[in-house]
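# Structural characterization, general
Spelled out, the chains give:
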Amino acid sequence: MPLMTTRPMFDLAYDGGFAVGAFNVNNMEITQGIVEACAAEKSPLILQISKGARKYANMRYLKHIIDAAVEDHPDLPIAIHLDHGDTIDLVKACLTDGFTSVMIDGSHHPYEENVRLTAEVVKTAHPAGVLVEAELGILGGIEEHVVGLKAEEYEKNVEKFLTDPSQAADFWKRTGVDSLAIAIGTSHGAYKFKHEAKLAMGRIEQTMKTCPGLPLVMHGSSSVPREFIDLINKYGGNMPNAMGVPEDQIHAAVTKYGVCKVNIDTDLRLALTAKIREVFATKPAEFDPRNYLGPGREAIIGMVRRKLHMLNSAGKAEAVIQQWQKLGKPLPIFYAKAGRV
Ligand code: G3H
Ligand code: 13P
Ligand code: ZN
């Protein structure tokens, strides 16, 4: 039952030339698509759940879907992670639900408040054996709106919002966080850039130096592949100017600079939407949900397999399981308390 924390994954990814894909789940088809792809590629994976996903699907349903996935794939290293947690109460709910990892995102707060909130989450999660990811710097896409910036204003002044490597060292020391999401020019959603993206690889390099041993995380890492946007637009969609992070830059951030976790949500949404639109447009008489959600799930499998190669995590499952066994199979205490072992 290799449901685990991210510790054995990051131990190997840190200097192993690969990153673990963290994919957002919102329903059964998406979860199955991700897990099937990782099983086919023998890749470790992180299933991540946002506050919005908890609300949409009802956490009770998601929990059982994920448990079924874990049960169905006893040889797959899986971590369950809260994506963009914003309060202590939400973190506590996730601990009770048996998450093995949580993110507290205090990046939109003033620095001192981010430190205080993150340190409090670490104090709450660590006794339960749960690891904590935090964030420093401001990403584009969604986060710039939170701090009241317009997209153009953000893009023009992006340098100002990127993670400061020396502040990252201070943040790590004062919070005891287990991994850190950094702002290096990526952005959430399907409309990331007006011009070709160029990630600030130097920030990764410098933060690896100021924070040796701290696993770094990239959010906003969907590539928004042109062929999926074209399919969506061909079959009645309207997504002009969608643009993502080029896959070769993500590959370099992972294999050359050492990023350990890469978050992908938008590309799964695009794959599912493109396929469903195609079925609706080409088979207008179709009304059985299995006949459009099924192809949608297949499209997610294809998309995730492509990502696992980009992240170089295909084939790494066995090594992660061995590392997990070496560490003494640490599982959060709350997972056991939640009655899910
Ligand atoms: O970074 C955000 C993730 O894509 C989750 O999005 O809050 O719409 O579930 P959501
Ligand atoms: P994308 O919107 O680029 O897929 O990013 C997802 C993400 O960062 C989830 O936390
Ligand atoms: Zn994110």
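Everything here concerns the structure above.
Moving on, we come to the coordination of the zinc ion (ligand 3). Those donors, His84 (NE2), His188 (NE2) and His219 (ND1), are the protein atoms that reach the zinc ion (ligand 3), and they lie 2.0 to 2.1 Å from it. Here the donor residues for the zinc ion (ligand 3) map to a single chain with the spacing H-x103-H-x30-H. Pair noted here: His84 is in strand β3 (residues 78–85) and His219 is in the loop between β7 (216–218) and α12 (226–234), with a separation of 135 residues, a long-range link.

A few words now on the side chain of Ser222. With respect to the helices, strands and loops of the structure, Ser222 is situated in the loop between β7 and α12. Given a relative accessible area of 2%, Ser222 falls into the buried group. A distance of 3.3 Å separates a polar atom in the side chain of Ser222 from the backbone nitrogen of Thr266. There is a polar contact of 3.0 Å between the side chain of Ser222 and the backbone nitrogen of Asp267. Setting aside chain neighbours within four positions, we find Ser222 in contact with Lys192, Gly244, Val245, Asn263, Ile264, Asp265, Thr266 and Asp267.

Glancing now at the site of ligand 2. The environment of ligand 2 is formed by 16 residues, the closest being Asp83, Lys192, Ser222, Asp265 and Thr266. Residue His219 places a side-chain N or O atom 3.1 Å away from an oxygen atom belonging to ligand 2. Here Ser221 contributes a backbone N or O atom positioned 3.1 Å from an oxygen atom of ligand 2. Protein contact buries 97% of the 310 Å² of open area that ligand 2 shows by itself. Elements with a contribution of two residues or more to the shell around ligand 2: β3 and β8 (261–264). A breakdown of the residues in the shell around ligand 2 according to their chemical character gives one nonpolar, 12 polar and three charged.

Below, the discussion takes up the pattern of salt bridges. Evaluation of the coordinates by the stated rule reveals 19 salt bridges. With a shortest N-O distance of 2.7 Å, Arg305 and Glu41 are connected by a salt bridge. Pair noted here: Arg305 is in helix α15 (residues 290–310) and Glu41 is in helix α2 (residues 28–41), with a separation of 264 residues, a long-range link. Arg305 gets classed as partly exposed once you look at its relative accessible area, which sits at 34%. For the salt bridge of Glu227 with Arg306, the shortest nitrogen-to-oxygen distance reads 2.9 Å. Here Glu227, found in helix α12, pairs with Arg306, found in helix α15; they are 79 residues apart in sequence, far enough to count as distant.

Rules behind the numbers
- Residues numbered from 1 in each chain as written.
- Chains lettered and ligands numbered in written order.
- Predicted model: local features only at pLDDT ≥ 70, side-chain atom pairs only at ≥ 80, totals over all residues.
- Heavy atoms only, no water.
- Donors = N, O, S within 2.8 Å, 3.2 Å for Na, K, Ca; no water.
- Helix = DSSP H or I, 4+ residues; strand = E, 2+ residues; numbered from the N terminus.
- Buried < 20%, exposed > 50% of the residue type's maximum accessible area, 1.4 Å probe, protein only.
- Polar contact = N/O pair within 3.5 Å; in protein donor to acceptor, adjacent residues only side chain to side chain.
- Contact = heavy atoms within 4.5 Å.
- Near = heavy atom within 4 Å.
- Areas by Shrake-Rupley, 256 points an atom, 1.4 Å probe, with all protein chains shown as cover.
- Nonpolar A, V, L, I, M, F, W, Y, C, P; charged D, E, K, R; others polar.
- Salt bridge = Lys/Arg side-chain N within 4 Å of Asp/Glu carboxyl O.

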